[in-house]
Amino acid sequence: MLSGPGSPAASPNFLFIMVDQLGAPFLPTYGNKLVKAPNIEALGRKGVVFENAYCNFPLGGPSRISTLTGQLPSRIEAFDNASEVRY
């Protein structure tokens, strides 16, 4: 196994899944017995499952832009779902 900077052991892997209109109560990872989502379940078993999540804005567009840029929606003037990503 390799070691040192840049090696798999030294660099953590992150998979960030951002979806729209998917609530946790509908996923088997959170206890739903009806829905079948084997790949999401496998990710949950091997990784970290968050029980709470918070966003920076009550609308999806500005909240996603905020997450992608690391800036507050007010700073990047993203106030509605028609807002564009500005750097």
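Reference entry: report on the structure contained in this document. Here the structure is a predicted model, which means the values were calculated and not measured. (Residues numbered from 1 in each chain as written. Predicted model: local features only at pLDDT ≥ 70, side-chain atom pairs only at ≥ 80, totals over all residues. Heavy atoms only, no water.)

Helix and strand content of the protein: 2 helices and 0 strands. Within the protein, buried positions represent 20% of all 87 residues. The contacts in the protein between residues at least 6 apart in sequence include a share of 10% that link residues at least 24 apart. Summed over its atoms, the accessible surface of the protein is roughly 7,500 Å², and 58% of this surface lies on carbon and sulfur atoms. (Helix = DSSP H or I, 4+ residues; strand = E, 2+ residues; numbered from the N terminus. Buried < 20%, exposed > 50% of the residue type's maximum accessible area, 1.4 Å probe, protein only. Contact = heavy atoms within 4.5 Å. Areas by Shrake-Rupley, 256 points an atom, 1.4 Å probe, with all protein chains shown as cover.)

Here we come to the side chain of Ser63. On the secondary structure map, Ser63 appears in helix α2 (residues 60–69). The buried category is assigned to Ser63, whose relative accessible area is 12%. The contacts of Ser63, once residues within four sequence positions are left out, are Cys55, Asn56 and Phe57.

Of all the residues in α2, the buried ones are Gly61, Pro62, Ser63, Ile65, Ser66 and Thr69. Note on α2: the residue one or two positions beyond its end, Gly70, has a positive phi of about 80°.

Turning our eyes to something else, we now look at the layout of surface pockets. For the largest pocket, the calculated volume is near 1,600 Å³. Contributing to the lining of the largest pocket are 35 residues, with Phe16, Ile17, Met18, Tyr30 and Phe50 lying nearest its centre. Sorting the residues of the lining of the largest pocket by element identifies α1 (38–46) and α2 as the ones contributing at least two each. Looking at the lining of the largest pocket residue by residue, the classes come out as 21 nonpolar, 10 polar and 4 charged. (1 Å grid on protein atoms, 1.4 Å probe; cavity = no way out; pocket = protein on both sides within 12 Å on 5 of 7 lines; lining within 4 Å. Points joined across faces, edges and corners; volume = space filled by probe spheres on them. Nonpolar A, V, L, I, M, F, W, Y, C, P; charged D, E, K, R; others polar.)

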